[in-house]
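So the chains spell out like this:
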Amino acid sequence: MPTGNAEDPRTYPLRAPGWDEIPDLVHGFLGRAQGLAPGDFGRGDLETALRAGGERPVQILAARQVHGSTVLAPEDLDAICANDDARMPGALPDGDAIVTASADVIATIRTADCVPVLLVAPRARAAAAIHAGWRGLVAGVVRTAIEALGARYGAAPSEIRAAIGPAIGGCCYEFGAEHHTTFVEAFGQASEQAWSTTPEGAAQARPHLDVGFLAHVALTQAGVPEAAIQIVSPCTAEHPDELHSYRRDGAAAGRQLSYIGWRPS
Ligand SMILES: [Zn+2]
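Everything quoted here is computed from the prediction, not taken from an experiment. (Residues numbered from 1 in each chain as written. Predicted model: local features only at pLDDT ≥ 70, side-chain atom pairs only at ≥ 80, totals over all residues.)

Colleague: I keep staring at the overall build of the protein chain and nothing clicks. Help me out?
Modeller: A tally of regular secondary structure across the protein chain gives 7 helices and 12 strands. Against the globule reference of 18 Å for 265 residues, the protein chain gives a C-alpha radius of gyration of 17 Å, in line with a compact fold. Here the C-alpha coordinates of the protein chain stretch approximately 55 × 40 × 35 Å along the principal axes. Nonlocal contacts in the protein chain, meaning residues at least 24 apart in sequence, comprise 74% of its contacts between residues at least 6 apart. (Helix = DSSP H or I, 4+ residues; strand = E, 2+ residues; numbered from the N terminus. Rg over C-alpha atoms; globule rule 2.2 N^0.38 Å. Contact = placed C-beta atoms within 7 Å.)

Now the structure itself:
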């Protein structure tokens with residue numbers, strides 16, 4: 001599967017090709033230079049990151065990401081994210097996707113190898129930011145986010161466009177083969193293509209997982225048209241100058257911010 005549509009050097013925030021033409025949409029995948037330091041953060045840190053990416057945020061939403069499938073909306077998050085003193089993520093409600101159709105609200109998620117997925121439904125003027133690690137994908141976070149866009153804002157899966165952002169690639173994500181059955185149960189045989197064995201032909205070949213491919217499978221299985229899915233994703237582990245990677249840096253890894261929302265029309 002291709003792992004990027006831009007030639008080096010990349011400019012952050014990365015954007016999904018064509019999405020800048022969607023009226024009033026704000027979106028991007030910020031890089032390491034604009035990312036969060038390890039540990040707690042406050043509202044001001046989120047704002048600084050977004051401003052470094054050229055945005056002018058009014059209200060910023062974030063969740064306490066727990067690798068589940070809970071979807072939050074602006075009304076679930078207003079009180080905390082508006083509080084300058086709240087320390088995050090501890091003060092935030094649990095959730096791994098945020099949906100919004102509100103003007104002047106930017107939904108954010110934080111990753112450092114897990115897959116950031118952004119969704120937009122232009123006609124319904126609705127959007128979602130999803131934190132999709134392998135556990136969240138198995139828990140169904142992509143499907144629950146797409147269902148929430150339908151239930152709350154009337155967006156059909158067929159009109160949703162998706163962008164898969166920077167995540168650890170199948171090149172670098174050594175992964176336990178014991179999870180093979182887990183993925184087959186969650187995604188069927190389509191998950192088989194997420195696995196590779198590297199180094200190729202070595203005596204001690206080890207299984208590797210392309211978690212971005214699993215996100216792609218989850219999107220198509222939830223009804224997003226294949227042609228509406230873009231991959232905007234260099235491998236996090238291979239680009240230390242550009243991106244944080246938990247696998248590469250462990251506890252010292254910061255987080256990159258991915259975001260989506262709407263300006264007032
Ligand atoms: Zn890699």
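Now that the structure has been shown, the text picks up again.
Colleague: Looking at this structure, I do not really get the sheet that holds strand S1 (residues 25-29). What am I missing?
Modeller: Note: strands within a sheet are paired through backbone hydrogen bonds, in either parallel or antiparallel orientation. Taken together, the 4 strands give an open sheet; going across it, the order is S1-S12-S5-S2, and neighbouring strands pair in mixed fashion. The sheet is open, and its two edges are formed by S1 and strand S2 (59-61), each paired on a single side. If you compare each strand with its neighbour and ignore which way they point, the axes differ by 25° on average. Two elements, strand S5 (residues 105-111) and strand S12 (residues 256-262), share 7 bridges in a ladder whose sense is antiparallel. (Pairing = 2+ DSSP bridges. Axes fitted to C-alpha atoms, helices over the stretch in contact; angles between N-to-C directions.)

Colleague: Whenever I open this one, the confidence of the model for the protein chain confuses me. Can you help?
Modeller: Keep in mind that low pLDDT regions are not for reading the predicted coordinates in detail. Averaged over every residue, the pLDDT of the protein chain is 92; residues scoring 70 or more account for 94%. Across residues 1-6 the pLDDT falls below 50, and counting only partners more than four positions away or on other chains, this stretch makes 14 contacts in the model. (pLDDT = per-residue confidence, 0-100.)

Colleague: What is the right way to look at the pairing of S5 in this model?
Modeller: Each regular strand displays side chains that alternate between the two surfaces of the sheet. Most of S5 is tucked away, with 7 of its 7 residues classed as buried. Residues Val105, Ala107, Ile109 and Thr111 line one face of S5 and the alternating positions Ile106, Thr108 and Arg110 line the opposite face, and both faces are buried. Pairing analysis gives 3 bridges linking S2 to S5, with the strands arranged parallel. The residue bridging Gln59 from the neighbouring strand is Val105, located in S5. (Buried ≥ 20, exposed ≤ 12 C-beta atoms within 10 Å, placed from the backbone.)

Colleague: What's the story with helix H1 (residues 43-52) in this structure? I'm lost.
Modeller: Helical geometry: 3.6 residues make up each α-helical turn, so side chains three or four residues apart lie on a common side. Along H1, the residues classified as buried are Arg43, Leu46, Ala49 and Leu50. Angularly, the buried residues of H1 cover 130° about the axis, an arc narrow enough to put them on a single face. Exposed residues lying more than 90 degrees from the buried face of H1 are Gly44 and Arg51. Backbone geometry just after H1 places Gly54 at a positive phi near 95°. (Arc of directions from axis to C-beta.)

Colleague: In this structure, what is going on with the sheet that holds strand S3 (residues 71-72)? I would like to understand it.
Modeller: Taken together, the 6 strands give an open sheet; going across it, the order is S3-S4-S7-S6-S8-S11, and neighbouring strands pair in mixed fashion. The open sheet has two edge strands with one neighbour each: S3 and strand S11 (229-231). Where strand S8 (residues 161-164) and S11 come together, 3 bridges link them in parallel fashion. Residue pairing for S11: Ile164 is matched across the bridge by Ile231. With respect to the sheet, helix H4 (residues 141-153) is in contact with S3, strand S4 (97-100), strand S6 (115-121) and strand S7 (126-132), its orientation differing from that of S7 by roughly 160°.

Colleague: Would you explain the nonpolar core in this entry?
Modeller: Soluble globular proteins: nonpolar side chains tend toward being buried together. One finds Leu119, Val142, Ala145, Leu149 and Ala215 to be the most contacted residues of the largest nonpolar core, which totals 78 residues. A total of 7 residues in this core trace back to one element, the largest contributor, which is helix H6 (residues 211-221). For Leu149, the residues in contact, after removing those within four places along its chain, are Val99, Leu119, Ala121, Ala126, Ala128, Ala155 and Ile160. (Core = buried A, V, L, I, M, F, W, Y, C linked by C-beta atoms within 7 Å.)

Colleague: Please clarify how unusual backbone geometry should be interpreted in this entry.
Modeller: Trans peptide bonds make up most of the peptide bonds, and negative phi angles are found at most residues other than glycine. The linkage connecting Tyr12 with the following residue, Pro13, adopts the cis geometry, with an omega of 0°. Here Pro13 is to be found in the segment before S1. Following Met88, the chain continues to Pro89 via a peptide bond in cis, the omega torsion being 5°. With respect to the secondary-structure elements, Pro89 resides in the loop between helix H2 (74-81) and S4. The backbone phi angle of Asp104 is positive, close to 65°, even though this residue is not glycine. Looking at the secondary structure, you find Asp104 in the loop between S4 and S5. On the basis of neighbour counts, which here come to 13 C-beta atoms within 10 Å, the residue Asp104 falls in the partly exposed class.

Colleague: I keep staring at the environment of Ala148 and nothing clicks. Help me out?
Modeller: Structurally, Ala148 can be placed in helix H4. Sequence spacing of Ala148 and Val71 is 77 residues, and the spatial spacing of their C-alpha atoms is 7.3 Å. Excluding its chain neighbours within four sequence positions, the residues that come into contact with Ala148 are Val71 and Val99.

Colleague: Please explain H6 as it appears in this structure.
Modeller: In terms of burial, H6 is a largely internal element, 9 of the 11 residues being buried. The complete set of buried residues in H6 reads Val211, Gly212, Phe213, Leu214, Ala215, His216, Val217, Ala218 and Leu219. Just beyond H6, the residue with positive phi is Gly223, at close to 105°.

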